[in-house]
Amino acid sequence: MHDVSIEAGWLAMARKVPSPNYNHRPEHGAIRLIVIHNISLPPAQFGGGYIEQFFQNQLDPSIHAYFDEIKNLKVSSHVLITREGELVQFVSFNDRAWHAGNSCYQDTENCNDFSIGIELEGTDDQPFTEAQYQTLLPLIDAIQQAYPATLGHVAGHSEIAPNRKTDPGPCFDWSRIRLA
């Protein structure tokens, strides 16, 4: 990873693929949490650009039966890290991406209001790649420098929505993040 500087909520070195699925953070929504997710489309398959299409509301439901199931969902994340370690940004960190859903962190509900969502291309039951960790670690450092209230506040989707979500799953190596 080269330039991880953040300017006006955008990463200088990320490929930008703007999503329409965002809105402004509420006034009380100071950024204080980083949420780690995983995603694969179709499930357990990688590549193909389907995640980008999904976050842009351009996923063709005729391509796969699962796409037909999710065709009406309007979701996004701030960033995606592909299996190859590429960083793609969909929403400015200064805006509210729609990644957490019904969620709670430290007795505060609606985590989208105050969090940054990072999607890792993957599944709960497959290890993430070294390239993903090599991108993720400097990304977290950059976010924590730009938004110091996030320091020490990195959670999995499963932690903020424990009855609904399981990601990033048991194959995610938390020790690489929490001990870094």
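Placed above this text is the structure.
Attention shifts here to the side chain of glutamine 89. Along the chain, glutamine 89 turns up in strand S7 (residues 87-89). If sequence neighbours within four positions are ignored, glutamine 89 has contacts with Gly9, Trp10, Leu11, Ala14, Arg15, Lys16, Val17, Pro18, His78 and Val79.

By the definition in use, this model includes seven aromatic pairs. Look at phenylalanine 55 and phenylalanine 90: their rings are 4.9 Å apart centre to centre, the planes differ by 85 degrees, and that puts the pair in the edge-to-face class. Within this pair, whereas phenylalanine 55 is found in helix H1 (residues 50-55), its partner phenylalanine 90 is found in the loop between S7 and strand S8 (95-97), the two being separated by 35 residues in sequence. Each member of the pair, phenylalanine 55 as well as phenylalanine 90, is classed as buried. In this arrangement the basic side chain of arginine 32 is found over the ring face of phenylalanine 114, its NZ or CZ atom lying 4.1 Å from the centre. The ring of phenylalanine 46 is capped by arginine 83, whose NZ or CZ atom sits 4.3 Å from the centre of that ring.

What follows concerns the pairing of strand S11 (residues 115-121). Taken across its seven residues, S11 has seven buried, putting it largely inside the fold. Burial along S11 is two-sided: Ser115, Gly117, Glu119 and Glu121 facing one way and Ile116, Ile118 and Leu120 facing the other are all buried. By the bridge criterion, seven bridges tie strand S5 (residues 33-39) to S11 in an arrangement that is parallel. Among the inter-strand pairings, histidine 37 is bridged to a residue of S11, identified as glutamate 119. Here strand S6 (residues 79-81) runs beside S11; their pairing, made up of three bridges, is parallel. What sits directly across from isoleucine 81, in S11, is leucine 120.

Here is what the cut-offs are and how they apply
Residues numbered from 1 in each chain as written. Predicted model: local features only at pLDDT ≥ 70, side-chain atom pairs only at ≥ 80, totals over all residues. Heavy atoms only, no water. Helix = DSSP H or I, 4+ residues; strand = E, 2+ residues; numbered from the N terminus. Contact = heavy atoms within 4.5 Å. Phe/Tyr/Trp six-rings, centres within 6.5 Å; stacked < 30°, edge-to-face > 60°. Buried < 20%, exposed > 50% of the residue type's maximum accessible area, 1.4 Å probe, protein only. Lys NZ or Arg CZ within 6 Å of the ring centre and 35° of its normal. Pairing = 2+ DSSP bridges.

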